[in-house]
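# Close look at the chain arrangement
Take a look at the letters that make up each chain.
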Amino acid sequence: MERTIFHIDANSEFLSWSAVKLLNEWPPIDLRSVPSVVGGSEQSRKGIVLASSIPAKQLGIKTGETLYSARLKCPELIVVPPDFELYEDMSAKFFKICNSFSPLVQKFSIDELFLDYTNMEPHFGPPLEGAKKISEKIKSELGFTVNIGISTNKLLAKMASDFEKPDKIHTLYPDEIKEKMWPLPIGNLFMVGRQTKKKLLDIGIDTIGKLANCDIEIMKKYLKSHGELIHKYANGIDASLVTTEKEPYKSISNGSTLPRDISDKGELLKYALSLCEKVCSRLRKEGVSASVVDVGIRFKDLSYCSHQKKLLKYIYSTNDVYSAVKDLVNELWSGETPVRAITIGLSDLVSNEYQQYSFFDDDKSKKYEKIDGVVDELREKYGFHCITRASLVDDKFHKNVLKYQNPSMKSYL
Ligand SMILES: [Mg+2]
């Protein structure tokens, strides 16, 4: 049976989501209607443009350029810091609305998902009508716009949502491939990255149509299995289904450049502890435990080193992870060169369902796990900052670490 698949993509997600939040603050301002960008702090080293408004784009400001050069193009440019907690929250709400139109929704990235609309016509109307309802609901309830691509498989739906933006619905049914997809430049095809594009241009394939019509055997020889895959895509062939099963995580990590270079071990360990809290709460949310802990440190002179530790048991409590992290920081850092950035990674993950308690378990670990559970629940309900470890509450550090975890909290400190 033929399926109906939607690909739904939030338009300039980071900028739109930050804009929606600022609209609710005082004085309200719509970032989308003025030259504005989401970017790191202009003073610190993280100063690049992550997303820009249409008026900013019209002034030639591009994603990835430095804020310094963006400001040269537009001295009145408004710069807001990224707020990843807000983005994850918006992403979850976006998913939930889409899920109310079909039980089969697959998250593809923070701002994109696939929705299987097959058999949904009796409830919401023909595909175009259903797509319009979804788009209107997102706009009225969440305040941002999406592009929706409609077709019979995921690949074609994804290609369709990439046509003209923003706030548009496009179809790309198999009988429209020739007219709508084949004239497009080869770089527009899903899974054709910069390197593949160069290789295809080298042999004169500059449109999707030319790839679709070349001999598949030549592609197989030229680009191996990837050549075969993109040849299929150019012909609109994709048999993969919309699945609600999540791909299991192989590893989970969190890291960030520190607000300034740090020379004091006690202070660095506090940042490490606050990172442990974040990474462990993600671990617990996924219902997995880890037995390998990694710490990576980038120094002021930009040199980098990392160490990892294989533990005798699988852990998920913040205290257990932090105690391994502390050992690794001590191994890695003598305190001589100031530290610029730190990353904490957890791998060798197993589902908690299959976890066997080892002989090394003690009552203390169990107690920590219980406390973590309660803290996670509180944070789920009232936000990450509703509760803080006593060891992180001390005058100056408390302010810095809060700012560091959530730049938008500045005004309250
Ligand atoms: Mg998007």
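My aim in this report is to walk through the structure given alongside it, one point at a time.

Cut-offs and rules
Residues numbered from 1 in each chain as written. Predicted model: local features only at pLDDT ≥ 70, side-chain atom pairs only at ≥ 80, totals over all residues. Heavy atoms only, no water. Helix = DSSP H or I, 4+ residues; strand = E, 2+ residues; numbered from the N terminus. Buried < 20%, exposed > 50% of the residue type's maximum accessible area, 1.4 Å probe, protein only. Contact = heavy atoms within 4.5 Å. Donors = N, O, S within 2.8 Å, 3.2 Å for Na, K, Ca; no water. Pairing = 2+ DSSP bridges. Axes fitted to C-alpha atoms, helices over the stretch in contact; angles between N-to-C directions. Parallel < 35°, antiparallel > 145°, perpendicular 65-115°, else oblique. Left-handed = near helix turned anticlockwise from the far one by under 90°. Nonpolar A, V, L, I, M, F, W, Y, C, P; charged D, E, K, R; others polar. Expected span 1.5 Å × (residues − 1). Phe/Tyr/Trp six-rings, centres within 6.5 Å; stacked < 30°, edge-to-face > 60°.

### Examining the environment of Phe108
Relative to the elements of secondary structure, Phe108 occurs in strand β5 (residues 105-109). When its relative accessible area of 38% is taken as the criterion, Phe108 is described as partly exposed. Apart from residues lying up to four places away in sequence, Phe108 is in contact with Leu113, Phe114, Lys158 and Phe190.

### Section: the coordination of the magnesium ion
Geometry sets the ideal angles at a metal, namely 109.5 degrees for four tetrahedral donors and 90 or 180 degrees for six octahedral donors. For the magnesium ion, the protein coordination sphere consists of Asp9 (OD), Ala10 (O), Glu13 (OE) and Asp111 (OD), at 2.1 to 2.4 Å. All donor residues of the magnesium ion come from one chain, and their arrangement in sequence is D-A-x2-E-x97-D. With Asp9 in strand β1 (residues 5-10) and Asp111 in the loop between β5 and β6 (112-116), this pair connects stretches of sequence that are 102 residues apart. Asp111 shares its class with Asp9; the two are buried.

### Topic: the pairing of strand β10 (residues 288-299)
The buried fraction of β10 is high, at 10 of 12 residues. Of the pairings in the sheet, the one linking β10 to strand β12 (residues 339-351) comprises 11 bridges and is antiparallel in character. Its bridge partner lying in β12, Gly296 is registered against Thr343. By the bridge criterion, eight bridges tie β10 to strand β11 (residues 304-315) in an arrangement that is antiparallel.

### Focus on the sheet that holds β6
Here five strands make up an open sheet; going across it, the order is β5-β6-β1-β7-β8 and the pairing mixed. The sheet terminates laterally at β5 and β8 (169-171), the two strands that pair on one side only. Across the sheet, the mean angle from the axis of one strand to that of its neighbour is 20 degrees, orientation sign disregarded. By the bridge criterion, six bridges tie β1 to strand β7 (residues 146-151) in an arrangement that is antiparallel.

### With respect to the packing of helix α4 (residues 84-99) against helix α6 (residues 127-142)
Where α4 contacts α6, the two axes come as close as 10 Å, and the packing angle between them is 140 degrees. It follows that α4 is oblique to α6 by the angle criterion. Both α4 and α6 take part in a crossing whose hand is right-handed. Contact with α4, carried on its side by Met90, Lys93, Phe94, Ile97 and Cys98, involves Ile134, Lys137, Ile138, Glu141 and Leu142 of α6 and no other residues of that element. In terms of residue class, the contact of α4 with α6 is built from seven nonpolar, no polar and three charged.

### Re the packing of helix α1 (residues 13-23) against α4
Between two packed helices, the angle of one axis relative to the other and the distance separating the axes together describe the packing. In the contact formed by α1 and α4, the axes pass within 10 Å of each other and the chain directions differ by 95 degrees. If you check the angle between α1 and α4, you find them roughly perpendicular. Residues Phe14, Trp17, Ser18, Val20 and Lys21 of α1 lie in contact with α4, whose contacting residues are Phe84, Leu86, Tyr87, Met90 and Ser91. Considering only residue class, the contact of α1 with α4 consists of seven nonpolar, two polar and one charged.

### Topic: the sheet that holds strand β9 (residues 251-262)
In spatial order, the strands read β9-β12-β10-β11; together these four strands make up an open sheet with antiparallel pairing. Two strands in the sheet have a free side with no partner beyond their single neighbour: β9 and β11. Here the strands of the sheet are splayed against their neighbours by 15 degrees on average, with no regard to which way each runs. Contacts from helix α13 (residues 318-332) reach β10, β11 and β12 within the one sheet, and its direction differs from that of β11 by about 150 degrees.

### Structural notes on α6
Helix length check: α6 (16 residues) gives 22 Å between terminal C-alpha atoms against 22 Å at 1.5 Å per residue, within 8%. Phi for Gly143, located one or two positions after α6, is positive at around 85 degrees.

### As for the packing of aromatic side chains
The full count for this structure, using the stated rule, is nine aromatic pairs. Summarising the aromatic geometry, the rings of Phe14 and Tyr87 are spaced 4.3 Å apart at their centres and angled 10 degrees between planes, so their arrangement reads as stacked. With a gap of 73 residues between them, Phe14 in helix α1 and Tyr87 in helix α4 connect regions that are remote in the sequence. One exposure class covers both Phe14 and Tyr87, and it is buried. Through pairs of rings, three or more aromatic residues link up here, namely Phe14, Trp17, Tyr87, Phe94 and Phe144.

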